[in-house]
Amino acid sequence: MSLIGPSNVERMVRAVRRTFLAIVGVQLALAVSMSLVDSYRRRGKKPKPFPTMPPHTVDVGEGTLTTYTYGHDLYADMLAAIEGARRQVFFETYIWKGDATGERFKRALADAAERGVEVYCIYDGFANLVVSPVFKRFPRSMKVLRYPVYAAGLRFFDLRRYGRDHRKILVVDGEVGFVGGYNIGDAYEKEWRDTHVRITGPGVWDLQRAFADFWNLNRRRRLRHSERPLLLETASTWESRIRFQRNVPRLWMFPIRSMYLEAINRASRNVWLTTAYFLPDPDFVDALKDAARRGVDVRLLVPLKSNHIVADWISRGYFSQLLEAGVRIFRFRDAMVHAKTATVDGTWTTVGTANIDRLSLSGNYEINLEAIDPGFAGLMEEIFALDESNCLELTIGEWEARDLHRKFTEFVLAPLRPLL
């Protein structure tokens, strides 16, 4: 005869359920309270200057790559490209603020459409919920796709339909393209440290195709017009030194994570990685640790304080094992570093939109440029060194000596990692 009757089983189930809900409630309450306190502390704080490098261009194959580390420089060249457009403009962004900078881009795109240029725009609905509805009214001469806040429809359990459109792309006339971490807004123009790249040559066609593929995948029932598919002519040449890796949740394709892991696992000299939010999976952490243990100079550059304080606290849970393995960790001061870049062995480089977190690597629509070129890798190493000059290096002694309440907070928030 069983010693545990139905009533006892029910009491045990209720106790387990209450304990689980209590733990989750504490985690969420702590996360919300931390975010509110951090938001209050940021009010009225003036941005501080940080080192940047002027736009610099290198030849890669039959085209060029130009780096941008300051939003003001980037926006000037993006707007100039739009204003000089003759045939076609593809513009895609995650965040498009309705501020002065956002209005400048909206006006430039509308003006291009009014003079007969085909203008296609994509923006993410969820990321722009707080943007005024008035700003999001566009002239009918522009073709605008708002990626919906909720895209699953009645397919509640189809995880392929929950990714956000986190990409930032501009292609003009099939001749020049821009891609990287910069969103569109006043704060990003002068207050955030990010990295973007301008592309010319055959590589532009792949960036153009990436936009067209997303448009065609999502155009039905998302547009006010009954649009035909966006068709492109096949590229006449391939650029062997440049590729674009695209995460496409709808097709369950996530090559950016594999791209990173392959480069790190092949590294023999150095891995220098910059990311706004560091919330990797165990395999990614192990790859960095293994590289450091075999003598590779592995450096991780993250914000000292990002715009998402909960992400900061959760990411710190990886620091102990990384430092013990020999990975050097640098924290960028006085500004939000939002770049998503890496360079390996003076040859391989990536610049793009994907953070090193689960949302970017296995959830969102993302795009990263992958370049195999010593000249471009050397330039990206110079940018990393400049950023490093504005960082505080975290030592293992300093990390082990942190306060008990910090260790407790990291422990409580650790279960939230899979959600970010």
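Because the structure is predicted, anything quoted here is derived from the model rather than measured.

Side note on the overall build of the chain
And step 1. Within the chain, the secondary structure is distributed over 13 helices and 20 strands.
And step 2. Burial statistics for the chain: of 420 residues in total, 53% are counted as buried.
And step 3. Put simply, 78% of the contacts in the chain that link residues at least 6 apart link residues at least 24 apart.
And step 4. Summed over all atoms, the accessible surface of the chain reaches about 19900 Å², with 55% contributed by carbon and sulfur.

Remarks on the packing of aromatic side chains
And step 1. Taken as a whole, this structure holds 27 aromatic pairs when the rule is applied.
And step 2. Here the aromatic rings of Tyr-120 and Trp-215 are separated by 5.0 Å at their centres, their planes lie at 85°, and the arrangement is edge-to-face. Taken as a pair, Tyr-120 in strand β4 (residues 118-124) and Trp-215 in helix α5 (residues 203-218) lie far apart in primary sequence, 95 residues in all.
And step 3. Pairing Phe-135 with Phe-138 gives two aromatic rings, centres 6.5 Å apart and planes at 70°, and the pair type is edge-to-face. Here Phe-135 matches Phe-138 in class, with each residue buried.
And step 4. What links up through ring pairs into an aromatic cluster is the set Tyr-75, Phe-91, Trp-96, Phe-105, Tyr-123, Phe-135, Phe-138 and Tyr-182.

As for the sheet that holds strand β19 (residues 366-372)
And step 1. Judged by pairing direction, the sheet is mixed, and its eight strands sit side by side in the order β10-β19-β17-β16-β11-β13-β14-β20 without closing on themselves. Where the open sheet ends on each side, the last strands, each with one partner, are β10 (242-247) and β20 (391-394). On average, adjacent strands in this sheet sit at an angle of 15° to one another, irrespective of strand direction.
And step 2. Docked against the sheet, α5 engages β10 and β19, running at close to 15° with respect to β10.

Topic: the pattern of salt bridges
And step 1. As enumerated under the stated definition, the model contains 22 salt bridges in all.
And step 2. Arg-246 is paired through a salt bridge with Asp-213; the nearest N and O atoms lie 2.9 Å apart. Placement of the pair is Arg-246 in strand β10 and Asp-213 in helix α5, with a sequence separation of 33 residues.
And step 3. On the accessibility criterion, Asp-213 (35% relative accessible area) is partly exposed.
And step 4. Of the charged contacts, one joins Asp-283 and Arg-257 as a salt bridge, the two residues approaching to 3.3 Å between their closest N and O atoms. Residue Asp-283 is located in helix α7 (residues 282-293), and its partner Arg-257 is located in helix α6 (residues 255-266); the two are separated by 26 residues in the primary sequence.
And step 5. When its relative accessible area of 47% is taken as the criterion, Asp-283 is described as partly exposed.

Some remarks on the sheet that holds strand β6 (residues 169-172)
And step 1. If you walk across this open sheet you meet the eight strands as β1-β2-β9-β7-β6-β3-β4-β5, and the pairing is mixed. Each edge of the open sheet is held by one strand with a lone partner, namely β1 (56-60) and β5 (143-147). In this sheet, adjacent strand axes meet at a mean angle of 15° when their direction is disregarded.
And step 2. Examined bridge by bridge, strand β3 (residues 88-93) and β4 share six bridges and lie parallel to one another. In the strand pairing of β4, Glu-92 is matched with Ile-122.
And step 3. Strand contacts of helix α3 (residues 100-114): β3 and β4, with the helix running at about 150° to β4, the strand carrying the most contacts.

Things to note about the UniProt feature "domain: PLD phosphodiesterase" (unreviewed entry) in the chain
And step 1. The UniProt entry lists residues 161-188 and 333-360 under the feature "domain: PLD phosphodiesterase" (unreviewed entry), expressed in the numbering used here.
And step 2. Helix makes up 11% of residues 161-188 and strand 32%, whereas the separation of the span's terminal C-alpha atoms amounts to 29 Å.
And step 3. For residues 333-360, the end-to-end C-alpha separation is 24 Å, with 11% helix and 46% strand making up the annotated structure.

Things to note about the pairing of β19
Along a regular strand, successive side chains alternate from one face of the sheet to the other.
And step 1. Of all seven residues in β19, six are buried; the element is thus mostly enclosed.
And step 2. Pairing between β10 and β19: six bridges, direction antiparallel. Note on β19: the bridge partner recorded for Asn-247 is Glu-366.
And step 3. By the bridge criterion, five bridges tie strand β17 (residues 348-352) to β19 in an arrangement that is antiparallel.

As for the environment of Ala-291
And step 1. Looking at the secondary structure, you find Ala-291 in helix α7.
And step 2. In contact with Ala-291, not counting residues within four places along its chain, are Ile-264, Val-296 and Val-298.

Let's talk about the packing of α6 against α7
And step 1. Two elements in contact, α6 and α7, have axes whose closest approach is 9 Å; the angle formed by their N-to-C orientations is 15°. Relative to α7, the element α6 is oriented roughly parallel. Viewed along their axes, α6 and α7 form a crossing whose handedness is left-handed. Of α7, the residues touching α6 (which contributes Arg-257, Tyr-260, Leu-261, Ile-264 and Asn-265) are Asp-283, Phe-284, Ala-287, Leu-288 and Ala-291.
And step 2. When its residues are assigned to classes, the contact of α6 with α7 shows seven nonpolar, one polar and two charged.

Calculation criteria
- Residues numbered from 1 in each chain as written.
- Predicted model: local features only at pLDDT ≥ 70, side-chain atom pairs only at ≥ 80, totals over all residues.
- Heavy atoms only, no water.
- Helix = DSSP H or I, 4+ residues; strand = E, 2+ residues; numbered from the N terminus.
- Buried < 20%, exposed > 50% of the residue type's maximum accessible area, 1.4 Å probe, protein only.
- Contact = heavy atoms within 4.5 Å.
- Areas by Shrake-Rupley, 256 points an atom, 1.4 Å probe, with all protein chains shown as cover.
- Phe/Tyr/Trp six-rings, centres within 6.5 Å; stacked < 30°, edge-to-face > 60°.
- Pairing = 2+ DSSP bridges.
- Axes fitted to C-alpha atoms, helices over the stretch in contact; angles between N-to-C directions.
- Salt bridge = Lys/Arg side-chain N within 4 Å of Asp/Glu carboxyl O.
- UniProt positions renumbered as here; feature names shortened; annotations may be inferred.
- Parallel < 35°, antiparallel > 145°, perpendicular 65-115°, else oblique.
- Left-handed = near helix turned anticlockwise from the far one by under 90°.
- Nonpolar A, V, L, I, M, F, W, Y, C, P; charged D, E, K, R; others polar.

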